[in-house]
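Fold and geometry: a report
Here is how the chains run, residue by residue.
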Amino acid sequence: MKYDVLIIGGGPVGNYLASILARDFSVAVVERKGSFGGKACTGIIGAANYERLGLPEGAVINRLRGAVFYSRIQSFEVERKTPQAYMVDRKTLEKALAERAIKRGAEYYMATTFQGFRNGKAVLQHLGERLDVEADFYVGADGVSSTVAKAIGAKTKAEFLSGYEVEVVGDFREDFVEVWVNKDLNEDFFMWVAPVNRGLARVGTLGSIEALNRFLRVRMLKPTSIVEFKAGSVGFGWRKPWIRGNVALIGDAALQIKPTTAGGIVFGMLCAHALREALLSGRPDQYEKLCKDIKNQISFGLRFRKVFKGMGQENIERVFEVLGSEEAREVIETQADFDDHVRTAKAILKRPRLLAKLIRISPSIVRYLV
Ligand SMILES: Cc1cc2nc3c(=O)[nH]c(=O)nc-3n(C[C@H](O)[C@H](O)[C@H](O)COP(=O)(O)OP(=O)(O)OC[C@H]3O[C@@H](n4cnc5c(N)ncnc54)[C@H](O)[C@@H]3O)c2cc1C
């Protein structure tokens, strides 16, 4: 049994990669679970990239066109005429991508765990039996705690955070997401309320379960109205290298995740295109270079995170005053890009009045972000 490419991990990124490789290479995917989905994830994906990447329409369960930002004492709203982000059902997304990959020729090993490499082959555990599978190229798409990353000796000093999310019954604005930035409730991250529909929302945060509990109380959502609870983790930082010999890491396994919002699906898929290009050209070593744009976005996100962590709630209130101003909202409403935060920040900092106000709050905001 020998393949051109063996992908370890059938999450959104592994399945997407399989679907775009399967026409040009013999591809197999190994997935530990017996079925797709189940991961803690709000499932919000930028609408423009969703269309550009050709992701399955059937997975979209809601369309979001605006956001309301809340701090401790104020709030402002940004609104677009058309949806800027989609909310997906993860199971449907992952399964549809796997089906697409299989139709293009990929083979799937479900309920199969990658254990390590031996003699150039992947050692798998499949229904109680050991299976050795050989490939010319291996890809670790096995998530944030990647076994493949360990197997190739990839190192990280990233910040790892636990994520907690509930689906809760309530009364929500169907096409607006809420973003709450309040360090009294959570020092580590913002809190979000992302509607599935008018009567149900995904509410979550990163950090601690206590922070989520505090937020649910402040947002007046009853713990007894929760219909689903999930926990997971994210890593903000670098895991290096992304490629060693004939093994590459992709998606959360490579920590290709936005430190600003913890969104990782689009970055992983954009890097899947970079890996495809590198493999097609016969120069897999070019993979990291071809991910240059995503690397820039991650670098920006890490600097943003540093600023956020160093900022007290008083300064967050002052930043809210600036971002809630008519001028800033106009910039956000016309130029913000859901996945390109560098572009969004540049558009805001290009306005002299906004720039001057932000420098007055903290020169480090501008020093770090520009
Ligand atoms: C609370 C929370 C909310 C989030 N919200 C969003 C969001 O709204 N939008 C967004 O874009 N991102 C979000 N994320 C991040 C997002 O979930 C990840 O970036 C995304 O799942 C990465 O996809 P992946 O395919 O790289 O990894 P994963 O989804 O983790 O998939 C990895 C797959 O590999 C399999 N696997 C692992 N080990 C092995 C092994 N040894 N052998 C075989 N298979 C294995 C796993 O079973 C899994 O199916 C959120 C994360 C958290 C924690």
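Residues numbered from 1 in each chain as written. Predicted model: local features only at pLDDT ≥ 70, side-chain atom pairs only at ≥ 80, totals over all residues. Heavy atoms only, no water.

Examining the sheet that holds strand S15 (residues 191-197)
Taken together, the seven strands give an open sheet; going across it, the order is S6-S5-S14-S15-S16-S13-S17, and neighbouring strands pair in mixed fashion. With one partner strand each, in any of the chains shown, strand S6 (75-79) and strand S17 (226-236) form the two edges of the open sheet. Neighbour-to-neighbour, the strand axes of the sheet open up by a mean angle of 20°, direction not taken into account. Sheet analysis places S15 next to strand S16 (residues 200-206), joined by six bridges and oriented antiparallel. Residue pairing for S16: Ala 194 is matched across the bridge by Arg 202. (Pairing = 2+ DSSP bridges. Helix = DSSP H or I, 4+ residues; strand = E, 2+ residues; numbered from the N terminus. Axes fitted to C-alpha atoms, helices over the stretch in contact; angles between N-to-C directions.)

Concerning the site of the ligand
Around the ligand sit 34 residues in total, of which Glu 31, Ile 44, Arg 90, Phe 114 and Asp 252 are the nearest. A distance of 3.4 Å separates an oxygen atom of the ligand from a polar atom in the backbone of Pro 12. For the ligand, a nitrogen atom lies 3.1 Å from a polar atom in the backbone of Arg 32. Within the residue set of the shell around the ligand, elements represented by two or more residues are helix H1 (12-21), strand S9 (112-118) and S17. Counting residues per element, the shell around the ligand draws most heavily on S9, which supplies three residues. (Near = heavy atom within 4 Å. Polar contact = N/O pair within 3.5 Å; in protein donor to acceptor, adjacent residues only side chain to side chain.)

Considering helix H5 (residues 209-218)
Along H5, the residues that are buried comprise Ala 211, Leu 212, Phe 215 and Leu 216. Angularly, the buried residues of H5 cover 135° about the axis, an arc narrow enough to put them on a single face. Along its buried surface, H5 packs onto strand S13 (159-169), strand S14 (176-180), S15, S16 and S17. Directly beyond the C-terminal end of H5, a positive phi value near 55° is found at Met 220. (Buried < 20%, exposed > 50% of the residue type's maximum accessible area, 1.4 Å probe, protein only. Arc of directions from axis to C-beta. Contact = heavy atoms within 4.5 Å.)

Digging into unusual backbone geometry
In this chain, Lys 240 is followed by Pro 241 through a cis amide linkage whose omega measures -5°. Turning to its location among the elements, Pro 241 is positioned in the loop between strand S18 (239-240) and strand S19 (243-244). A positive phi angle is found at Ala 111, which is not glycine, with a value near 50°. Tracing the sequence through the fold places Ala 111 in the loop between strand S8 (107-109) and S9. In this structure, Asn 119 takes a positive phi of about 50° despite not being glycine. Relative to the helices and strands, Asn 119 is located in the loop between S9 and strand S10 (121-126).

Structural notes on the side chain of Arg 80
Note that Arg 80 resides in the loop between S6 and strand S7 (85-88). There is no salt bridge for the buried Arg 80, and the closest opposite charge comes from Glu 333, which lies 7.0 Å off by N-O distance. A polar atom in the side chain of Arg 80 sits 2.7 Å from the backbone oxygen of Ala 336. Dropping the residues within four chain positions of it, Arg 80 is found in contact with Arg 65, Ile 332, Glu 333, Thr 334, Gln 335 and Ala 336. (Lys, Arg positive; Asp, Glu negative; His and termini not counted. Salt bridge = Lys/Arg side-chain N within 4 Å of Asp/Glu carboxyl O.)

Some details on the sheet that holds strand S3 (residues 44-46)
Within a sheet, neighbouring strands are paired by backbone hydrogen bonds and run either parallel or antiparallel to one another. Ordered by their spatial adjacency, three strands build an open sheet running S3-S7-S4, and the pairing between neighbours is antiparallel. Both outer strands of the open sheet, S3 and strand S4 (60-64), are each paired with one neighbouring strand and no more. On average, each strand axis in the sheet is tilted by 30° relative to the strand beside it, whichever way the strands run. Bridge count for S4 against S7 is four bridges, and the pairing is antiparallel. By the bridge assignment for S7, Asn 62 is matched with Met 87.

Structural notes on the packing of helix H6 (residues 265-280) against helix H8 (residues 292-310)
The description of two helices packed together rests on the angle between their axes and the distance between the axes. Contact pair H6 / H8: the axes reach a minimum separation of 9 Å and the direction vectors enclose 155°. As the angle between them shows, H6 and H8 are arranged roughly antiparallel. Contact residues: H6 offers Phe 267, Leu 270 and Cys 271, while H8 offers Ile 294, Gln 297 and Ile 298. Among the residues forming the contact of H6 with H8, the class breakdown is five nonpolar, one polar and no charged. (Parallel < 35°, antiparallel > 145°, perpendicular 65-115°, else oblique. Nonpolar A, V, L, I, M, F, W, Y, C, P; charged D, E, K, R; others polar.)

Comments concerning the domain arrangement of the protein
Here the domain parsing of the protein yields domain 1 (2-68 + 89-158 + 236-293), domain 2 (160-232) and domain 3 (300-369). With centres defined by C-alpha atoms, the gap from domain 2 to domain 3 works out at 24 Å. Taken together, the contact pairs seven residues of domain 2 with seven residues of domain 3. Overall, the association of domain 2 and domain 3 removes approximately 620 Å² of surface from exposure, summing both partners, and the carbon and sulfur fraction of that is 55%. Linking domain 2 with domain 3 are zero salt bridges, by the criterion used here. Viewed at the interface, domain 3 and domain 2 are joined by six residue pairs in polar contact (both at pLDDT 80 or more). Per-class residue counts for the side of domain 2 that touches domain 3 are three nonpolar, one polar and three charged. (Domains from an automatic or database assignment. Buried area = accessible area lost by both parts, 1.4 Å probe.)

Re the layout of surface pockets
Put simply, the second largest pocket is a space of about 520 Å³. Taken together, 28 residues form the lining of the second largest pocket, with Asn 49, Arg 52, Leu 270, Asp 339 and Asp 340 sitting closest to its centre. Of all elements in the fold, only helix H2 (47-52), H6, helix H7 (287-290), H8 and helix H11 (341-349) reach the threshold of two or more residues within the lining of the second largest pocket. Of the residues that constitute the lining of the second largest pocket, the class distribution is twelve nonpolar, six polar and ten charged. Taken domain by domain, the lining of the second largest pocket gets at least three of its residues from each of domain 1 (2-68 + 89-158 + 236-293) and domain 3 (300-369). (1 Å grid on protein atoms, 1.4 Å probe; cavity = no way out; pocket = protein on both sides within 12 Å on 5 of 7 lines; lining within 4 Å. Points joined across faces, edges and corners; volume = space filled by probe spheres on them.)

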